[in-house]
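# Structural characterization, general
Each chain, written out:
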Amino acid sequence: MYKQVMLLGVLLEKPMYGQQIREFIEAHHDLFANHIKKPTIYYQLERLVADGYLEIRRETVEAPGPGAAHEDVALRERDVYYITEQGKDYFSTLLRDMISKFTPGLSEVDACLYFLHHLTAEEACKLLHERFLLVEAYHSTVVQMMASNHTSDAAHQLVNDHKLTLLEAEMRWLKHTIEQIRTGALQFPPTAPATHSALATNSID
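The structure displayed is predicted, hence computed values, not measured ones.

The rules behind the values
- Residues numbered from 1 in each chain as written.
- Predicted model: local features only at pLDDT ≥ 70, side-chain atom pairs only at ≥ 80, totals over all residues.
- Heavy atoms only, no water.
- Axes fitted to C-alpha atoms, helices over the stretch in contact; angles between N-to-C directions.
- Helix = DSSP H or I, 4+ residues; strand = E, 2+ residues; numbered from the N terminus.
- Parallel < 35°, antiparallel > 145°, perpendicular 65-115°, else oblique.
- Left-handed = near helix turned anticlockwise from the far one by under 90°.
- Contact = heavy atoms within 4.5 Å.
- Nonpolar A, V, L, I, M, F, W, Y, C, P; charged D, E, K, R; others polar.
- Pairing = 2+ DSSP bridges.
- Buried < 20%, exposed > 50% of the residue type's maximum accessible area, 1.4 Å probe, protein only.
- Arc of directions from axis to C-beta.

Looking now at the packing of helix H1 (residues 2-13) against helix H5 (residues 85-100). The angle between the axes and the distance between the axes are what describe a pair of packed helices. The N-to-C vectors of H1 and H5 enclose an angle of 130°; their axes lie 10 Å apart at closest approach. As the angle between them shows, H1 and H5 are arranged oblique. In the packing of H1 onto H5, the handedness of the crossing is left-handed. Between H1 and H5, the residues in contact are Tyr2, Gln4, Val5, Leu8, Gly9 and Leu12 and Gly87, Lys88, Tyr90, Phe91, Leu94 and Met98, respectively. The residue makeup of the contact of H1 with H5, split by class, is eight nonpolar, three polar and one charged.

A word on the sheet that holds strand E2 (residues 54-63). The strands that make up a sheet are held in pairs by hydrogen bonds between backbone atoms, and each pair lies either parallel or antiparallel. Reading across from one edge, E1-E3-E2 is the order of the three strands in this open sheet, with antiparallel pairing throughout. A strand with exactly one partner marks an edge of an open sheet, and here the two such strands are strand E1 (16-17) and E2. Relative to strand E3 (residues 74-83), E1 runs antiparallel, the two being bridged by two bridges. Its bridge partner lying in E3, Met16 is registered against Tyr81. Where H1 meets the sheet, it contacts E1, E2 and E3, and its direction lies at approximately 115° from that of E3.

Turning our attention to the pairing of E3. In the sheet, E2 pairs with E3 via ten bridges, with the strands oriented antiparallel. Residue pairing in the sheet places Arg57 in a bridge with Val80 of E3.

The next point concerns helix H2 (residues 18-28). Along H2, the residues classified as buried are Gly18, Ile21, Arg22, Phe24 and Ile25. The arc that holds the buried residues of H2, viewed along the axis, is 160°, so those residues lie on one side.

So, to be careful, I would describe these as geometric facts and stop short of saying anything about function.
Structural data, given as structure tokens:
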């Protein structure tokens with residue numbers, strides 16, 4: 001539902017056409033840009049229109065051309081999205097509901113942990129270490145984005161702080177789990193293959 005919250009929240013700022021919405025998210029809500037691609041935006045916009053939360057008005061606006069003509073800004077006809085009163089009420093409900101509630105759930109890695117005993121301890125450590133490197137790299141990317149982005153409003157600070165806190169918790173968990181497997185402190189079930197070893201060639205300093 002966060003995609004609908006994002007789109008409705010953006011259109012509360014001002015009415016926009018599709019590409020304008022995409023560029024606004026890239027410029028002002030960069031952490032979400034990779035998760036709300038152009039096809040997703042139009043799909044969600046169509047749903048919100050169908051549900052009565054948005055309405056479309058065909059207007060002549062200053063807009064870039066398609067493809068290579070993107071820098072050629074001129075008056076063009078575009079479908080401009082307006083949030084309706086019903087949409088404002090829906091946004092308000094979603095906003096309060098999503099902020100105040102926590103929905104527990106399992107991730108892909110949680111499902112796999114139940115079957116970790118099908119790997120040797122060495123391979124388990126190796127794979128978890130690969131995951132650690134990916135999380136660490138993404139953490140560095142977020143830190144760099146924060147350093148290069150001069151936007152320092154409270155909303156961006158909260159989003160970035162939340163993201164970094166979760167990433168740092170994941171890294172701590174991975175380091176702890178790898179160390180437990182490496183030292184043999186974490187015992188595999190007795191049904192584990194006899195080839196399992198507590199030794200690992202990869203560890204994290």
